[in-house]
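Topology and contacts: notes
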Amino acid sequence: MRTRNTAAALVLVASGLTACHGSPPTRAAVVTGPPPPKPVALSLTPAAGAAAVPVSAEIGTTVANGRITAVTLVDASGNTVAGAPRADGSSWIPATALRYNTTYTAKVTAAGAGSPPLTRETTFTTAEKPTGPVVGSDLLLTNGATYGVGMPVVVEFGSDVPQASRAAIEHRLFVTSDPPQPGAWHWFGARQVMYRPEHYWQPGTKITARKALNGVPIGTGHADDDFAATVTIGRKLTIDIDNGTKTLRVYSNDALVRAMPVSLGKPSTPTSSGTTVIMSREPSAVFRTPEYTTTVQYAMRLTWGGQYIHAAPWSVADQGRRNVSHGCTNVSTDNARWIYDQVLVGDPVTTHGTEVSLDPGDGWTAWDLPWSEYQKG
């Protein structure tokens, strides 16, 4: 009986525990709204009060939790300086070089979602004009001109550009194209840098190029000026020269339109194999070598070293049969005149099957490298 009573008591106790606790009470759901917006943060360069700022300076903009909505730059007289942001939003670029020894004020506004706009100002003074040596440069585009689909944007310098100065120079070289065709710069030696897209420009493309180099340090000197040009890419015309068949072929939109016999460079002065572009069109040109001086008609330059396509009536009997030139591509006068009337500066010319390869930089050789190699330069 003692055992039975104890068991009954345990049952009652257990039953009582169950009755006391029951199901836990239901809590009301906690409703939370979106977190409050983070405030916009904005910093600018040059720093307020900065002096001796290069005239190539840009308005650096670092923004968090928002985006730049307005930039104004004025000089001490209140004159507004035009400009535009870089594509990556890292800075705002004046449309022309700033003036030496001049005070400017930049006002930049940034806005973020749900937070009030923030405006910052910075006032700075540009440097005195440098007294060191001036490194001259040329942008080899004529404003308003029409070029072939292989025309690179070429900037040449009057003296060697040290390796340490090249990144700063590239940072101040600008190319925009419509329709957009991204490209890259490549240095050919110490005095020539070229820009091209991965493939030939699309016919009808509008290109604006600017070398905004005024005041940029180059070695112990500085660059000279700020210059821009807007040009148009014309129809697609390419030339192929085959040493094996001694034939020059002209293609329009990749369709063959004319073929003609040629004579290339003899073994002692071979023509270079590779891809360059027409660099100039000259109705007549005087060639001077240690052996001779002669005037040729319808000369179209391919290399700085003096290789041309030109009329060579004296070698018509050899054209299509053997190579007798000093490195040029010889064609008849009628064929030279026809090519001359068709081509634009910038039309690509590819020669293959000769004894030597084109030297990088001997002409506008931007297309003589595969894209993967070109991008490394």
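Residues numbered from 1 in each chain as written. Predicted model: local features only at pLDDT ≥ 70, side-chain atom pairs only at ≥ 80, totals over all residues. Heavy atoms only, no water.

1. Here's the deal with the pattern of salt bridges
Pairing between side chains of opposite charge can happen when the charged atoms of each approach one another. Counting across every chain of the model gives 13 salt bridges. Note that D75 is salt-bridged to R99, the shortest N-O span being 3.0 Å. Taken together, the residues D75 in strand β3 (residues 67–75) and R99 in the loop between β5 (91–94) and β6 (103–112) connect sequence positions 24 residues apart. Taking the relative accessible area as the measure of exposure, D75 reaches 6% and is therefore buried. Of the residues examined, R99 reaches a relative accessible area of 45% and is grouped as partly exposed. Across the salt bridge formed by D160 and R191, the nearest N and O atoms sit 2.7 Å from each other. Remark: R191 occurs in the loop between β13 (183–187) and β14 (192–197) and D160 occurs in the loop between β11 (153–157) and α2 (163–171); sequence separation between them is 31 residues. Linked by salt bridges that have partners in common, E58, R86 and R172 make up one network. (Salt bridge = Lys/Arg side-chain N within 4 Å of Asp/Glu carboxyl O. Helix = DSSP H or I, 4+ residues; strand = E, 2+ residues; numbered from the N terminus. Buried < 20%, exposed > 50% of the residue type's maximum accessible area, 1.4 Å probe, protein only.)

2. A word on the sheet that holds β14
In space, the four strands of this open sheet follow the order β9-β11-β14-β13, with antiparallel pairing throughout. Of all strands in the sheet, those bounded by a partner on one side alone are β9 (137–139) and β13. Here the strands of the sheet are splayed against their neighbours by 15° on average, with no regard to which way each runs. Note: β11 against β14, four bridges, orientation antiparallel. Within the sheet, the bridge partner assigned to E156 lies in β14 and is Q192. (Pairing = 2+ DSSP bridges. Axes fitted to C-alpha atoms, helices over the stretch in contact; angles between N-to-C directions.)

3. Some words on the environment of T205
Structurally, T205 is set in the loop between β14 and β15 (206–212). Overall, T205 belongs to the buried group, its relative accessible area being 0%. Counting along the chain gives 157 residues from T205 to A48, while the straight-line C-alpha distance between them is 41 Å. Setting aside residues no more than four positions away along its own chain, T205 makes contact with S177, D178, P179, Q181, V231, T232 and I233. A polar atom in the side chain of T205 sits 2.9 Å from the side chain of Q181. (Contact = heavy atoms within 4.5 Å. Polar contact = N/O pair within 3.5 Å; in protein donor to acceptor, adjacent residues only side chain to side chain.)

4. Quick word on helix α3 (residues 333–342)
Looking at α3, one finds that the buried residues are T333, N335, A336, I339 and Y340. Buried residues of α3, viewed axially, fall in a sector of 160°; they line one side. Away from the buried face of α3 by more than 90 degrees, exposed residues D334 and D341 are located. (Arc of directions from axis to C-beta.)

5. A word on the pairing of β5
Going residue by residue along β5, you find S91 and I93 tucked away on one face and W92 and P94 tucked away on the opposite face as well. As paired strands, strand β2 (residues 59–64) and β5 are joined by two bridges and run antiparallel to one another. Looking at the pairing, I59 lines up with W92 of β5. Alignment of strand β4 (residues 83–85) against β5, held across three bridges, turns out to be antiparallel. Directly across from A84, in β5, lies its bridge partner I93. The antiparallel hairpin formed by β4 and β5 contains five residues in its connecting segment, where G89 sits at a positive phi of about 75°.

6. With respect to the UniProt feature "domain: L,D-TPase catalytic" (unreviewed entry) in the chain
When the UniProt feature table is mapped onto this chain, "domain: L,D-TPase catalytic" (unreviewed entry) is found at residues 237–352. The straight-line gap between the two end C-alpha atoms of residues 237–352 is 18 Å; of that span, 9% is helix and 47% is strand. (UniProt positions renumbered as here; feature names shortened; annotations may be inferred.)

7. Considerations on the packing of aromatic side chains
What the rule picks out here adds up to eight aromatic pairs. Geometrically, the ring pair formed by F157 and W187 is stacked, given 5.8 Å between the ring centres and 20° between the ring planes. Taken together, the residues F157 in strand β11 and W187 in strand β13 connect sequence positions 30 residues apart. Clustering of aromatic rings is evident, with ring pairs tying together F188, W371 and Y374. Here the basic side chain of R166 rests over the ring of W187, its NZ or CZ set 5.1 Å away from the ring centre. Positioned above the aromatic ring of Y374, the side-chain terminus of R196 is 4.9 Å from the ring centre. (Phe/Tyr/Trp six-rings, centres within 6.5 Å; stacked < 30°, edge-to-face > 60°. Lys NZ or Arg CZ within 6 Å of the ring centre and 35° of its normal.)

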